[in-house]
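Take a look at the letters that make up each chain.
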Amino acid sequence: MSQDSRQSTENAPEARPASELAGTSSGSEWLSRYSDSLMGVFGTPQRVLVRGQGCYVWDADGKQYLDLLGGIAVNALGHAHPFVTSVISSQLATLGHVSNFFTSPTQVALAEKLLEVTGAPAGSKVFFANSGTEANEAAFKLARRNAGTAEEPRTKVVALEGAFHGRTMGALALTAKKAYREPFEPLPGGVVHVPFGDVDALAAAVDCTTQAVFLEPIQGEAGVVPLPPGYLAAARKITRDAGALLIVDEVQTGMGRTGTWLAIEGSGIVPDAVTLAKGLGGGFPIGALVTFGEENSARLTAGQHGTTFGGNPVATAAALATLHTIETQGVLANVRAVGERLRDALAHLPEVVEVRGRGLLLGIDLAAPAGVPDGANLAAAVVNAALEAGFIVNAPGPRTIRLAPPLILTAQQADTFVAALPRLVATAAERLAAEKETQ
């Protein structure tokens, strides 16, 4: 070790936990400070979380919760997974960032692993980003490179109604929800949205002017809505016949969430590209674009896209550790078994109309109890009742609860939520009815 290296190590501050640097306060105090210092783009946080272990988290006031949302499908191995934590710590202590003028062993090894688990053919490549929306931005630029010719240009991109591909400008153009889009128009042009699951509508929209079709195998933000059987195969044929790319957004469904590495496994299709993020890093921010085959992998060339932090050694080490654990610890089998148990148990509850999804990505449509006012957001009220009872869930719609827990969720943990749900719905209904009476 050089003298300069020894001096920098000797003079470094003593290691301390982050809590010492941030300080301690009650939940209400933290929320007051939050409103004074952070932009309100997320509204008021539901709780201030300070610690996690496995499938549980604790808030600043010491209350414990069973996390059935997993950071919106991010915490694939739960919180503070010892192997992932040790790998991240070791890598950060060795080499934290190098820029993309250089590479690192973890970056190369992760790219190779992703090509393996996605079943990508020879000539396929990987581009690393920091999030799902950034992976979709890269995919959008990939689509733009399928530009046709000067005589017959391609200018159109097709996405589906109900789609959510992110909130940065390119990804937002692909996202369908008007409330997200309209404040920021004009968005990148040429994007059209067709009815979800309608093969005829897709076939009518895709022609020789189409650059690409973007779709999610299961629309998570729309309420966990799977594409109908046969749609993926039809979309592949329609795009291939028209010379358009088929780009599959597996940001939420990928990396084991549905019980397989990709949700499209078993569909018989080979897409032109897949986007990944969320569970890929086990809680550490990372996204990826996987291009399938030599032709697609050559569409973006040196200087045409980039990112400062994408594929940095710590993020790729975190993802390697996550994939290694999923692969060697029977996690995919657990997702299938616990997901099926949870789905079947929920479907038998009288409070539940329908359960959609696959593996540990489930949407629960609730029956409206007597006394609930028309138009009331029952699901949001259930989310609040669940928090008070020690469960974290999400409401993507007024009658829909979304579950995306850690992939290590146990059957016993799943059972506690099933047992509690009737009480949670009843509590929510009572509060909504009481609110109506006071209006």
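Structure: see above.
Residues numbered from 1 in each chain as written. Predicted model: local features only at pLDDT ≥ 70, side-chain atom pairs only at ≥ 80, totals over all residues. Heavy atoms only, no water.

A.B. asks: Talk me through unusual backbone geometry; I want residue IDs and the actual numbers.
C.D. replies: For residues besides glycine, phi is generally negative; the peptide bonds are generally trans as well. Here Glu 185 and Pro 186 are connected by a cis peptide whose omega angle stands at 10°. Relative to the assigned elements, Pro 186 resides in the loop between α9 (178-181) and β6 (191-194). At Ser 99, a position not held by glycine, the phi torsion is positive, near 70°. Following the sequence through the fold, Ser 99 ends up in the loop between α5 (82-94) and α6 (105-117). (Helix = DSSP H or I, 4+ residues; strand = E, 2+ residues; numbered from the N terminus.)

A.B. asks: Lay out the pattern of salt bridges with the relevant residues and their values.
C.D. replies: Any two side chains of opposite charge can pair, so long as their charged atoms come close to each other. Using the criterion set out here, one finds 11 salt bridges in the structure. Asp 241 is the salt-bridge partner of Lys 237, the closest N and O atoms lying 2.7 Å from each other. Taken together, the positions of Lys 237 and Asp 241, both in helix α11 (residues 231-242) and 4 residues apart, correspond to about one turn of that helix. Of the two residues, Lys 237 and Asp 241, neither departs from the other in class, the shared state being exposed. Between Arg 299 and Glu 295 there is a salt bridge, with the nearest N and O atoms lying 3.5 Å from each other. Residues joined by salt bridges that share partners form a network here, namely Lys 113, Glu 116 and Glu 327. (Salt bridge = Lys/Arg side-chain N within 4 Å of Asp/Glu carboxyl O. Buried < 20%, exposed > 50% of the residue type's maximum accessible area, 1.4 Å probe, protein only.)

A.B. asks: Tell me about the environment of Ala 204, residues and numbers included.
C.D. replies: Here Ala 204 lies in helix α10 (residues 199-205). It is 9.5 Å that separates the C-alpha atoms of Ala 204 and Ile 238, two residues lying 34 residues apart in sequence.

A.B. asks: Give me the sheet that holds strand β1 (residues 49-53): which residues, what numbers.
C.D. replies: Pairing within the open sheet is mixed, and its 4 strands lie in the order β1-β2-β3-β15. Two strands close off the open sheet at either side, each with one partner strand: β1 and β15 (391-392). Relative to strand β2 (residues 56-59), β1 is paired through 4 bridges, and the arrangement is antiparallel. What sits directly across from Leu 49, in β2, is Asp 59. (Pairing = 2+ DSSP bridges.)

A.B. asks: Which residues make up the packing of α6 against helix α13 (residues 313-328), and what values do they have?
C.D. replies: Between α6 and α13, the least distance of the axes is 8 Å, while the angle of their chain directions is 40°. In terms of axis orientation, α6 runs oblique to α13. Remark: the crossing between α6 and α13 carries left-handed chirality. Residue-level inspection shows Thr 106, Gln 107, Ala 109, Leu 110, Lys 113, Leu 114 and Glu 116 of α6 in contact with α13, the latter providing Pro 313, Thr 316, Ala 317, Ala 319, Leu 320, Leu 323 and Glu 327. Here the residues of the contact of α6 with α13 sort into 8 nonpolar, 3 polar and 3 charged. (Axes fitted to C-alpha atoms, helices over the stretch in contact; angles between N-to-C directions. Parallel < 35°, antiparallel > 145°, perpendicular 65-115°, else oblique. Left-handed = near helix turned anticlockwise from the far one by under 90°. Contact = heavy atoms within 4.5 Å. Nonpolar A, V, L, I, M, F, W, Y, C, P; charged D, E, K, R; others polar.)

A.B. asks: I'd love a proper account of the packing of helix α14 (residues 331-347) against helix α16 (residues 411-438), names of residues and values included.
C.D. replies: In the contact formed by α14 and α16, the axes pass within 10 Å of each other and the chain directions differ by 15°. Relative to α16, α14 is oriented roughly parallel. Remark: the crossing between α14 and α16 carries right-handed chirality. On α16, the residues that touch Val 338, Arg 341, Leu 342, Ala 345 and Leu 346 of α14 are Ala 411, Ala 414, Asp 415, Phe 417, Val 418 and Leu 421. Residues belonging to the contact of α14 with α16 are distributed by class as follows: 9 nonpolar, no polar and 2 charged.

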